[in-house]
Structure formats: structure tokens, C-alpha cells
Amino acid sequence: VEETYIMIKPDGVQRGLVGEVISRFEKKGFKLTGLKLFHCPKDLAEEHYKDLKSKSFFPKLIDYITSGPVVCMSWEGIGVVASARKLIGATNPLQAEPGTIRGDLAVQTGRNVVHGSDSPENGKREIG
Ligand code: GTP
Ligand code: MG
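Residues numbered from 1 in each chain as written. Chains lettered and ligands numbered in written order. Predicted model: local features only at pLDDT ≥ 70, side-chain atom pairs only at ≥ 80, totals over all residues. Heavy atoms only, no water.

## Structural notes on the sheet that holds strand S1 (residues 3-8)
- Strand order in the open sheet formed by four strands is S2-S3-S1-S4, and the pairing between neighbours is antiparallel. The outermost strands of the open sheet, each flanked by one partner alone, are strand S2 (31-38) and strand S4 (114-116). Each neighbouring strand pair of the sheet contributes to a mean axis angle of 15°, computed without reference to strand direction.
- Both S2 and strand S3 (residues 70-76) contribute to a ladder of seven bridges, which runs antiparallel. Following the sheet pairing, Leu35 is matched in S3 by Met73.
- Sheet contacts for helix H7 (residues 120-127): S1, S3 and S4; angle to S1, the most-contacted strand, approximately 60°. (Pairing = 2+ DSSP bridges. Helix = DSSP H or I, 4+ residues; strand = E, 2+ residues; numbered from the N terminus. Axes fitted to C-alpha atoms, helices over the stretch in contact; angles between N-to-C directions. Contact = heavy atoms within 4.5 Å.)

Set out below in C-alpha cells:
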């Protein structure tokens, strides 16, 4: 069965959106297979987002992800990787459709509440 890595980012935890995010994945029908609250160290944040290392916003992204605790989760189900990306919505919350997590709950790309793996391979890597 397919698995994906979903992470509620520091803004989502601080704003009290943990239950809301989990609820959306539960209601869709996916199965929660792992969960922990975790303060991500800088080196692991850089590894997680290594594909974005050349971007101008990379230092800000690392500061953001390490600014407070995150909720790390694995979710299982048929087509969960692509479906989770749909539930989460576009990277820029102002372009995310209403009904999606970012579309309903956020306004800034740099404070977009949640991360979801972009492929089954990255899902496996990120859960590890
Ligand atoms: P993730 O699920 O977090 O990986 O988001 P994504 O797959 O929708 O976007 P991407 O992997 O391209 O970028 C990762 C994260 O970097 C985004 O979720 C944003 O938090 C941040 N990011 C991307 N583009 C920008 C940008 O132009 N400015 C800022 N400040 N942050 C950005
Ligand atoms: Mg991404």
C-alpha cells in the first residue's frame, strides 16, 4: 500500500490547526500509520528540502521550518501521495482552491501550514 509523509509546519502547530489537518485526512479515508511532535534540527531541514537549495528563499525556508515544533506523520492508502497533494492545495495559498487546506487556512507561501511528499519515492525517503 502507498504511503506519504505529511508534516504540519510550525505555523500550523502554533495556530492550533493540528486537529483540523488530521481530521481532513481521516475524513477522506486515509489511515494514520505514524505520528510525532518534533523540533527539526537545521541539518535535517536542509536535507529534507535539499532540492530547493539553490533557491533564493532557501535560508528563510530553513529558518521557518526550524522555528518551532512540527507534527510528522505517515499516512497510508490507495493513491495517497497525489490525493494528499490535492487535499493540501497549491503551494501559494492565494492560488489554492477553497476546500483545500491551504486554500481555506493560509495566505502566505512562506506560512502554508502543511507539507506533503510529491512522489511515492520521496514519501518513503521522507518517512525515513
Ligand atoms: P511542500 O509540500 O512544503 O514541499 O510544498 P510544495 O511541494 O507545494 O512546494 P515546494 O516543494 O516547491 O516548496 C517547498 C516549500 O518552500 C513551500 O511549501 C513553501 O513553504 C516554500 N516556498 C516555495 N516557494 C517559495 C517562495 O517563493 N517564497 C517563500 N518564502 N517560500 C517558498
Ligand atoms: Mg514540495
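## Details of helix H2 (residues 18-28)
- For H2, the set of buried residues is Val21, Ile22 and Phe25. End-on, the buried residues of H2 take up no more than an arc of 95°, which puts them together on one face.
- Gly29 sits one or two positions beyond H2 and adopts a positive phi of about 115°. (Buried < 20%, exposed > 50% of the residue type's maximum accessible area, 1.4 Å probe, protein only. Arc of directions from axis to C-beta.)

## Some words on the packing of aromatic side chains
- On inspection of all chains with the given rule, the structure shows one aromatic pair.
- Here the basic side chain of Lys36 rests over the ring of Phe38, its NZ or CZ set 4.9 Å away from the ring centre. (Phe/Tyr/Trp six-rings, centres within 6.5 Å; stacked < 30°, edge-to-face > 60°. Lys NZ or Arg CZ within 6 Å of the ring centre and 35° of its normal.)

## Concerning the side chain of Asp11
- Looking at the element boundaries, Asp11 is found in helix H1 (residues 10-14).
- Within the local environment of Asp11, its side chain forms a polar contact with the backbone nitrogen of Val113, the two atoms lying 3.1 Å apart.
- Ignoring sequence-local partners within four residues, the contact set of Asp11 consists of Tyr64, Arg111, Asn112 and Val113. (Polar contact = N/O pair within 3.5 Å; in protein donor to acceptor, adjacent residues only side chain to side chain.)

## So, the UniProt feature "active site" (unreviewed entry) in the chain
- UniProt's feature table lists "active site" (unreviewed entry) at His115, given in the numbering used throughout.
- Inspection of the secondary structure puts His115 in strand S4.
- On the basis of relative accessibility, which here comes to 9%, the residue His115 falls in the buried class.
- Excluding residues within four positions of it along the chain, His115 makes contact with Tyr5, Ile6, Met7, Lys9, His48, Tyr49, Ile88, Arg102 and Glu126. (UniProt positions renumbered as here; feature names shortened; annotations may be inferred.)

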